[in-house]
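Structure assessment
Take a look at the letters that make up each chain.
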2 protein chains.
Amino acid sequence: MAKWVYSFGDGSAEGSAEMRDLLGGKGANLAEMAGLSLPVPPGFTITTDVCTAYYGNGRTYPDGLDAQFDEALDVMARVTGKQFGDAGDPLLVSVRSGARASMPGMMDTVLNLGLNDDTVEAVAKASGERFAYDSYRRFVQMYGDVVLGVDHHDFESILEIEREKRGAMQDTDLTADDWKDIVGKYKTLVEETLETPFPQNPREQLWGAISAVFDSWMTARAITYRELHDIPADWGTAVNVQAMVFGNMGDSSATGVAFTRNPSTGEKALYGEFLVNAQGEDVVAGIRTPQELTEAARKMSESDAPSLEALMPEAFSEFQDIAERLESHYSEMQDLEFTIERGKLWMLQTRSGKRTTTAAIRIAVEMAREGLITKDEAVRRIDPVSLDQLLHPTLDPEAEKSVIAKGLPASPGAATGEIVFTAEDAERLGKDDRAVLLVRQETSPEDIHGMVAARGILTARGGMTSHAAVVARGMGTPCVSGAGLLKIDAKAGTMTVLDRTWKAGDVITIDGSTGEVLDGEVAMIQAELSGDFATLMGWADAARRLGVRANAETPNEARAALEFGADGIGLSRTEHMFFEGERIQTVREMILAGDADGRRTALDKLLPMQRADFVELFTIMGGRPLTVRLLDPPLNEFLPKSDEEIAEVANGMGVDEELLRERVIALTESNPMLGHRGCRLLIAYPEITEMQTRAILEAAAEAAQQTGEAVEPEIMVPLVGMRSELDNVKAIIDATAAEIAKAAGADEPQIRYTVGTMIELPRAALRAQDIAETASFFSFGTNDLTQTTFGISRDDSAGFLGAYAQMGVLETDPFVSLDTEGVGILMRVATNEGRKIRPDLKLGICGEHGGDPASIRFCEAIGLDYVSCSPFRVPIARLAAAQAALAMREGE
Amino acid sequence: MAKWVYSFGDGSAEGSAEMRDLLGGKGANLAEMAGLSLPVPPGFTITTDVCTAYYGNGRTYPDGLDAQFDEALDVMARVTGKQFGDAGDPLLVSVRSGARASMPGMMDTVLNLGLNDDTVEAVAKASGERFAYDSYRRFVQMYGDVVLGVDHHDFESILEIEREKRGAMQDTDLTADDWKDIVGKYKTLVEETLETPFPQNPREQLWGAISAVFDSWMTARAITYRELHDIPADWGTAVNVQAMVFGNMGDSSATGVAFTRNPSTGEKALYGEFLVNAQGEDVVAGIRTPQELTEAARKMSESDAPSLEALMPEAFSEFQDIAERLESHYSEMQDLEFTIERGKLWMLQTRSGKRTTTAAIRIAVEMAREGLITKDEAVRRIDPVSLDQLLHPTLDPEAEKSVIAKGLPASPGAATGEIVFTAEDAERLGKDDRAVLLVRQETSPEDIHGMVAARGILTARGGMTSHAAVVARGMGTPCVSGAGLLKIDAKAGTMTVLDRTWKAGDVITIDGSTGEVLDGEVAMIQAELSGDFATLMGWADAARRLGVRANAETPNEARAALEFGADGIGLSRTEHMFFEGERIQTVREMILAGDADGRRTALDKLLPMQRADFVELFTIMGGRPLTVRLLDPPLNEFLPKSDEEIAEVANGMGVDEELLRERVIALTESNPMLGHRGCRLLIAYPEITEMQTRAILEAAAEAAQQTGEAVEPEIMVPLVGMRSELDNVKAIIDATAAEIAKAAGADEPQIRYTVGTMIELPRAALRAQDIAETASFFSFGTNDLTQTTFGISRDDSAGFLGAYAQMGVLETDPFVSLDTEGVGILMRVATNEGRKIRPDLKLGICGEHGGDPASIRFCEAIGLDYVSCSPFRVPIARLAAAQAALAMREGE
């Protein structure tokens, strides 16, 4: 016969914390506490197997349950000395659900069960009439609401009327007779609503509550929650039946909740609150103001209400001991519930406590220092993504918010500022140190100077890889892109959402972590990288195998990358350097040139600028590895688009408008993502490759001289699909290097460099064995690799990927977390085949997945050498890499 | 000691036809003929191994060659009774190159070698002075030109001056003394040019000629030719040294060339020409008009000049016998060279003869009937691609052409007509049966009615998959696309190339097989599918395993497909049906509708039209398999693009221009190829899927009733990357089928249908095992699969793929012939993984590769069930499939 019921209490238990799957979280922890001889009111847990059996057999209970249930009630009677349903000295119980994972949407709690018109009198005799009828009215309301389905508002309005009738301010002002009266009205309400009287038989009450818990497993809300959180329906819930203890038995009784450490700051100090003469629900309901647990906390909050420590020193002291014991038993900060009945402490719950990221880090670090956990365990306990909160300013969760539109969370962090509609205004006001938000239909290279000056960027069009999004992420500037509801009229200087309009100068706030656009200024919490943070990251670095590099082009980004602990730069996109200031003019001259000679003239002007950029970058990085990617985007990205822009640019350059337009049209492609870009440009216009190689190598020489550190640039060729492409570009690079050496009178290049390639096309992955013959390193460009493997343009995907997520066609956005089943196969193939040919092939990833923990886990599993991500995600990547390494070591 | 030299002649030979690799084509065939005891002038072949050794050792000859060379000369002396260099009765020789494969760019021939100021006198004594000096001047000129490198124009101008001086019309008018004089002048020319006298030592002459042959293996032209034709440099060439026989020894001597069958028609009749008293080069030079070989041919050509049959009946008869014998010995039509010296026939060469496709088919079929070869061998002998010549009208190769521009060969066949610049003009004039060519910047769905009416289509923009190209290929209309030199001004009604202008009504010609645009009318050869063609195709069908289907949408295409022998339709693109006539208006209504209800209203109007299309298609195909692909392209393809078009369409539809423009902008994508199309549309707008399913199934029922043949449509879902996508669309299809059945009062659908998918994204191939759980069939969409695997947009690739081909970065255009090393891996994976899950999974290909013989070979190798291609390529595919099957059977 299966065991369906597990008893606990009186210093022993049939279950334990290990049996969470069978007993649910609450039941397992109650059993554990009882097993530790802590004061837990006796009771029993009906297992999750019963739930499964119940649903497996048309909502009927399995054989043997009844007998085990009776036996368990007998145990409770023996321990408490009271019989359930005994009209003389009744045992009252609570009924609570408890699944493996905490799950909203389910029946929660019924207290005081076992009361009826007879037993209430016995309770009155033993503990006073007011307490008895207060308990009875609570029971009728709770049971009527959650088990019988009578609307709780109906109960509350009865109470409201009675209070008013009696001029009572609070429930405590009501007398025993008042409660008696109210109980009568409650019962009438139930009988009128359900056309059957409130159940008086305690057994019927109890089975009713148990069935209500099991039934609530299949409510629509619970099902939806499980689907969203990947909880299988067959996990089921357990039911906990426990002897009632009463915090509402007068002034020597109380009830409260506590955390073993401060869940907000992580400080090691008991943290919580309690109410005298109350039941648990009163604390939650917030009708009365709870009091502090400790004297220290009371002083801090300057409260007059006495602390538990002062009020009930013995009970407090016992509770404090138990709290410490539980934390050390579980090696984890605990969230506790307790009740004090006439001076006697009872523990009702313990579980792992929720906490802020700041607290989580402090707790983990301190616990490791205390020897409660290992450093690796500390590293394992922090959710890497949660670090994002620490690295950017965030909206104060307490602040009031008025959301006016929603776009894509394109670059994290929050920013408040005056609206400006042009890059020029942003630059002008930004110089005066005014906080401005640049609001544009979409941004273009023309806008860079304004984007630099703005605190945040908001666009009405464009996806997660739009110009605005990519540039903003690179600069660490908050950005919301593609907020489609916005109607922006830059000429009129207005932004309209539905029928509301904002003008230039009006203040708004954006949250680049959620995509929200908010009216006015919203309070913020600034980033602070505390000592605990640094300590934890140090432990993470010790644990990880994967290198963590940053994608960075500008000196600012490179410095940020170093601050955030990057080991080097994994992707430096040289084209971003082409957009800056006057350069774009020269780039355009190059594009408009009719032949290689014309291009060379323009490139000669660009060379010193690009070389200077690299000198600065190499100097900042001081000998750390640095991967420079040669020109990647199609040339038309450097050209103006609309007729107005063309006219403006033509005017500025002094070229014929018609000529410029023709060139723009000639360079316009139907699918630029798949067009004339990457190595295809480098092959067609070898003079570009030559100029960039020269800039890199000459800069490396200069930086090496300046810093005294050897610089060995990794030159990366983008968009290779065939080995012959890489061979072609490498030949140009090598020839240029030889030429530089020759001009310097040397036999071989003085600067050592390596040449490698992005693996960002399916074909490159499939032919890795050829490509590795030429490439010294592979860097997986998983943005493009995902686009081509799925055949999805990320810029155009918002429409249907949204629908896909809603319909469950796609569970995870493959642009956020690596599609290990599709794209991952290609990465695995390329890794294995590449290493077969070249065992020391250096392997990295530089797509946005390089900063995503799940993707980093995959990179660890297939044995890449490093991940590279935006500077602001470097800490996340370091921590995720450490966790991945720890998981691998344990064979997870 | 290696054998470097192989002798032949006098009824025996050391080599044979099998030794082509060692002796070259010419040498092997000379040895073979000698071995057959045919009258071959004796000689020897210096092997290709000598060439390899020569280059392997700094252009020096291997040990032992000298001795073997001397021995071989001795053999010749023994057979001919003459000594090389003997001043009394000298042996004269020819020196000819001969590689494994015929190769232009190499030294060809030196005749009469061995003549000098002494030996010429001996020859004069034996055979007359005029003959001797004629031969000597020929030798000095040839040797001077090809061995010593003196410009042949310089020799010719000397001859010219001398002829004029003497008033001679032809060379035959010149006397022995004239030749003597000219020889002197020739020698002076050589001496003055090279500052060294013309070599008089016959051995030196001979080694000079041999080295000249070997050296010519490495000339720039030869190297380029080898690269273009994938001939390895280490194959090397052989050198043939052979005793001279003289066709110029008076009127009983002659020289000629012949084919054993007519190379133009294939007729079984000796075909060729000869000249009396001439050497081989005279026939080629075309100075004198050659005479017919046979009396029959002379009569046909109404020539007065006697035939060889009449003039030298004995030699002719011997030649006729030899020709027959060689053809039957080689089982192949032969191309022969012969010389008659004073009535005695000598064979100088035999080889496989080049022929037209028409001739090739007739010869193969007749040889099979004659029992010379098997039917399979006949099938194997025809180049499938050459059939293209037969299936479309082609330009007469004899016609004069004035090429004015060149574009892409977008749809094969040639067409002549008046230029029209608008679809309206095309339609109007087309109705009067005027031949018009539609000339457009690029075409759009608006132009369909004009494209149907035009004989050919010419565009200035767009690639091989542009709208014009795809539609034209589908209709079998010749098309040249992307002729970038054209400046088209449709409003002015002019087309300009550089400084020349054509107006509407001017006649031009296009050749869609070469991409040429020609001025005026050019004579054409019409397609004719003769009985031999049909016979050969029948044999091919018996040999092939692969099914051959057509890509067809319209009734005309379906009928053409059947005429060309398709087994069914492998791809019917339903969207093409949306472009026709009034429908596009309704399609636009659907797109402009704001919600599903609005779309449904428009779709309800489209349903009967689409159903009627399918009824016709199913009826034509009469029970043959038919794959219908649901809507694939992004919706904006159905909308106007330019401002003018938008205004026009808005006007026509009676909708607000601004509204239409907004919708067009909203639907515009950065990379439409990777955008909201295919199953992404079918999932987002399930009502489209429902309508199309209904149209297909209701039409199938109606067609089945009309024809009495069961119709079992294969419904194909495009652009699937994840199984969940296919599941989603299949659920809609199945639900619609169930609904139709229910409305008809049936329990299950009355029409059987299957649901499958395109495999056109790398991810679909990588997850074939999942997708095959749902799909009944896969059809490889290799156009898109190539685009995504390479990350190349075909429309945008013209610029860099051209450069790639020039630079040797890419050998074969992967859009023309399957990239078996990259895309092919994905196809193989999908085939194997799919069949593991579903052993009866039907597998086909419907990209343009389905009509490419090399790709078809790959499809056979990986075991697909069928290929599908445009109707006009069906015969090519049938033949290629047969050859692939034969090759597989032989384990090639």
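It should be emphasised that the depicted structure is a prediction, and the values quoted were computed from it without experimental measurement. (Residues numbered from 1 in each chain as written. Chains lettered and ligands numbered in written order. Predicted model: local features only at pLDDT ≥ 70, side-chain atom pairs only at ≥ 80, totals over all residues. Heavy atoms only, no water.)

**Side note on the overall build of chain A**
Along chain A, the regular secondary structure elements total 36 helices and 34 strands. If one aligns the C-alpha atoms of chain A with their principal axes, the spans along those axes are about 105 × 60 × 55 Å. Within chain A, buried positions represent 57% of all 892 residues. Put simply, of all contacts in chain A between residues at least 6 apart along the chain, 67% involve residues at least 24 apart. As displayed, chain A has an accessible area near 35,400 Å², and 48% of this comes from carbon and sulfur atoms. Separation of charge centres in chain A, based on 85 positive and 141 negative side chains, amounts to 3 Å. (Helix = DSSP H or I, 4+ residues; strand = E, 2+ residues; numbered from the N terminus. Buried < 20%, exposed > 50% of the residue type's maximum accessible area, 1.4 Å probe, protein only. Contact = heavy atoms within 4.5 Å. Areas by Shrake-Rupley, 256 points an atom, 1.4 Å probe, with all protein chains shown as cover. Lys, Arg positive; Asp, Glu negative; His and termini not counted. Charge placed at Lys NZ, Arg CZ, Asp CG, Glu CD.)

**Quick word on the interface of chain B and chain A**
How big an interface is tends to be stated in terms of the accessible area lost upon association of its parts. Taken residue by residue, the interface counts 40 residues in chain B and 40 residues in chain A. Buried area between chain B and chain A, summed over both chains or domains, comes out near 3,900 Å², and the portion from carbon and sulfur atoms is 59%. Where chain B touches chain A, the interface holds four salt bridges. One salt bridge connects Glu821(B) with Arg767(A), and the closest N-O pair in it is separated by 4.0 Å. Viewed at the interface, chain A and chain B are joined by 24 residue pairs in polar contact (both at pLDDT 80 or more). When grouped by side-chain class, the residues that make up the side of chain B that touches chain A number 19 nonpolar, 11 polar and 10 charged. (Buried area = accessible area lost by both parts, 1.4 Å probe. Salt bridge = Lys/Arg side-chain N within 4 Å of Asp/Glu carboxyl O. Polar contact = N/O pair within 3.5 Å; in protein donor to acceptor, adjacent residues only side chain to side chain. Nonpolar A, V, L, I, M, F, W, Y, C, P; charged D, E, K, R; others polar.)

**Observations concerning helix H3 (residues 65–80) of chain B**
Along its 16 residues, H3(B) runs 22 Å from first to last C-alpha, staying within 8% of the 22 Å computed at 1.5 Å per residue. Immediately downstream of H3(B), the backbone of Gly81(B) shows phi near 75 degrees, a positive value. (Expected span 1.5 Å × (residues − 1).)

**Let's talk about the nonpolar core**
Membership of the largest hydrophobic core comes to 300 residues, with the highest contact counts inside it found for Phe618(A), Met827(A), Phe618(B) and Met827(B). Leave out the neighbours within four places in its chain, and Met827(B) touches Phe780(B), Thr782(B), Leu785(B), Leu818(B), Ile845(B), Phe858(B), Ile862(B) and Leu864(B). With 66 residues, the next largest nonpolar core counts Ile46(B), Val140(B), Ala209(B) and Phe246(B) among its residues. (Core = buried A, V, L, I, M, F, W, Y, C linked by side-chain atoms within 4.5 Å.)

**With respect to the relation of the copies chain B and chain A**
Expressed as a screw operation, the relation of chain B to chain A combines 0.1 Å of axial shift with a rotation of 179 degrees, fitting to an RMSD of 0.3 Å. Considering both components of the superposition, the chain copies are consistent with a two-fold axis. Residue Asn671(B), judged by its C-alpha, is the member of chain B lying nearest the rotation axis, at 2.0 Å. When the interface residues of chain B are mapped onto chain A, 100% of them again lie at the interface, so the same face is used by both copies. (Least-squares fit on C-alpha atoms with pLDDT ≥ 70 in both.)

**Observations regarding the environment of Pro412(A)**
Residues and elements named next belong to chain A. Structurally, Pro412 can be placed in the loop between strand E16 (408–411) and strand E17 (414–420). As for Pro412 and Arg351, which are separated by 61 residues in sequence, their C-alpha atoms are 32 Å apart. Non-local contacts of Pro412, meaning those with residues more than four positions away in its chain, are made with Asp388, His392, Pro478, Gly512 and Ser513.

**A word on the environment of Ala364(A)**
Here Ala364(A) is to be found in helix H14 (residues 357–370). Remark: the alpha-carbon pair of Ala364(A) and Leu194(A), spanning 170 residues in sequence, is separated by 52 Å.

**Quick notes on helix H24 (residues 596–621) of chain A**
Its axis deflected by about 30 degrees at Leu606(A), H24(A) carries its strongest bend there, up to four residues before the proline Pro608(A). Of the residues flanking the end of H24(A), it is Gly622(A), one or two places downstream, whose phi is positive at about 40 degrees. (Bend = angle between axes of the 7 residues up to and from the residue.)

**Considering the pairing of strand E31 (residues 754–759) of chain A**
Residues and elements named next belong to chain A. Extensive coverage of E31 is indicated by the burial of six of its six residues. Pairing between strand E30 (residues 714–717) and E31: four bridges, direction parallel. Across the sheet, residue Glu714 finds its bridge partner in E31, namely Thr754. With respect to chirality, the unit in which E30 leads through helix H29 (residues 723–743) into the neighbouring parallel E31 is right-handed. Here three bridges tie E31 to strand E32 (residues 777–780), and the two strands are oriented parallel to one another. Within E32, the residue paired with Thr757 across the bridge is Phe778. (Pairing = 2+ DSSP bridges. Right-handed = clockwise from strand over helix to strand, strands pointing away.)

**Focus on the packing of helix H25 (residues 643–653) of chain B against helix H26 (residues 657–667) of chain B**
To characterise two packed helices, one gives the angle between the axes of the helices and the distance between these axes. Residues and elements named next belong to chain B. Interhelical geometry of H25 versus H26 gives an angle of 125 degrees and a closest axis separation of 9 Å. Comparing their axes, H26 and H25 come out oblique. Two packed elements cross with a definite hand, and for H25 against H26 that hand is right-handed. Taken together, the residues of H26 that come into contact with H25 (itself represented by Asp643, Ile646, Ala647, Val649 and Ala650) are Glu657, Leu660, Arg661 and Val664. (Axes fitted to C-alpha atoms, helices over the stretch in contact; angles between N-to-C directions. Parallel < 35°, antiparallel > 145°, perpendicular 65-115°, else oblique. Left-handed = near helix turned anticlockwise from the far one by under 90°.)

**Some points on the packing of aromatic side chains**
Residue and element names in this part refer to chain A. Evaluation of the coordinates by the stated rule reveals 38 aromatic pairs over all chains. Centre to centre, the rings of Tyr61 and Phe214 are 5.9 Å apart; their planes meet at 50 degrees, and the pair counts as tilted. Of this pair, Tyr61 sits in the loop between helix H2 (48–56) and helix H3 (65–80) while Phe214 sits in helix H8 (residues 202–216); the two residues are 153 residues apart in sequence, bridging distant segments of the chain. Assessed through its relative accessible area of 24%, Tyr61 is described here as partly exposed. Assessed through its relative accessible area of 0%, Phe214 is described here as buried. Plain terms: the ring middles of Phe578 and Phe638 are 6.0 Å apart, the flat faces sit at 50 degrees to each other, and that makes the pair tilted. Here the residue Phe578 occupies a position in helix H22 (residues 574–579), and Phe638 occupies one in the loop between strand E29 (626–629) and helix H25 (643–653), the gap between them amounting to 60 residues. (Phe/Tyr/Trp six-rings, centres within 6.5 Å; stacked < 30°, edge-to-face > 60°.)

**Quick look at the pattern of salt bridges**
All names here are of chain A. Following the criterion strictly, the structure yields 121 salt bridges over all chains and no others. Between Glu377 and Arg380 there is a salt bridge, and its shortest N-O distance comes to 3.3 Å. Taken together, the residues span about one helical turn, with Glu377 and Arg380 both in helix H15 (residues 375–380) at a distance of three residues. Given a relative accessible area of 29%, Arg380 falls into the partly exposed group. Counted as one network, the salt bridges with shared partners bring together Glu162, Lys165, Arg166, Asp178, Asp181 and Lys185.

**Description of the state of the cysteines**
Residue and element names in this part refer to chain A. According to the stated counting rule, one finds zero disulfides over all chains in the structure shown. The thiol of Cys869 is unpaired, and the distance to the nearest cysteine sulfur, on Cys859, comes to 11 Å. Taking relative accessible area as the criterion, Cys869 reaches 2% and is therefore assigned buried. (Disulfide = S-S within 2.5 Å.)

**Examining the side chain of Thr294(A)**
Considering the arrangement of structural elements, one finds Thr294(A) in the loop between strand E11 (291–292) and helix H11 (295–300). Not counting residues up to four positions away in its chain, the partners in contact with Thr294(A) are Leu270(A), Ser307(A), Glu309(A) and Phe316(A).

**Observations regarding the sheet that holds E11(A)**
All names here are of chain A. Spatially, five strands are ordered E11-E10-E9-E12-E13 in an open sheet, and the strand pairing comes out antiparallel. Two strands lie at the open edges of the sheet, namely E11 and strand E13 (344–352), each paired on one side alone. Taken together, the six bridges between strand E9 (residues 254–259) and strand E10 (residues 271–276) define a ladder with antiparallel strand orientation. The partner of Val257 across the bridge, within E10, is Glu273. Strands E9, strand E12 (334–341) and E13 of the sheet are contacted by helix H13 (residues 313–330), whose axis makes an angle of about 25 degrees with E13.

**Considering the sheet that holds strand E27 (residues 547–551) of chain A**
Neighbouring strands of a sheet are bound in pairs by backbone hydrogen bonds; such pairs are parallel or else antiparallel. Residues and elements named next belong to chain A. The strand order around the closed barrel built from eight strands is E27-E28-E29-E30-E31-E32-E33-E34, with neighbouring strands paired in parallel fashion. The average undirected angle you get between the axes of adjacent strands in this sheet is 25 degrees. Helix-sheet contacts for helix H36 (residues 874–889) involve E27 and strand E34 (866–869), and the interaxial angle to E27 is about 160 degrees.

**Remarks on unusual backbone geometry**
With a phi angle near 65 degrees, Ser37(A) is a residue other than glycine that sits in the positive phi range. Looking at where Ser37(A) falls in the secondary structure, it is placed in the loop between helix H1 (20–35) and strand E3 (43–46).

**Considerations on the side chain of Ser444(B)**
Residue and element names in this part refer to chain B. Residue position: Ser444 is located in the loop between strand E18 (436–440) and helix H18 (448–453). Residue Ser444 is classed as buried on the basis of its relative accessible area, which comes to 16%. Not counting the four nearest positions on each side in its chain, Ser444 is found in contact with His467 and Glu645.

**Brief notes about the environment of His576(B)**
Residues and elements named next belong to chain B. Looking at the secondary structure, you find His576 in helix H22 (residues 574–579). Ignoring sequence-local partners within four residues, the contact set of His576 consists of Val470 and Glu553. For His576, the side chain forms a polar contact with the side chain of Glu553, separated by 3.2 Å.

**A word on the confidence of the model for chain A**
For chain A, per-residue confidence averages 91 on the pLDDT scale, and 99% of positions sit at 70 or higher. Predicted complex metrics record ipTM = 0.82 and pTM = 0.83. (pLDDT = per-residue confidence, 0-100.)

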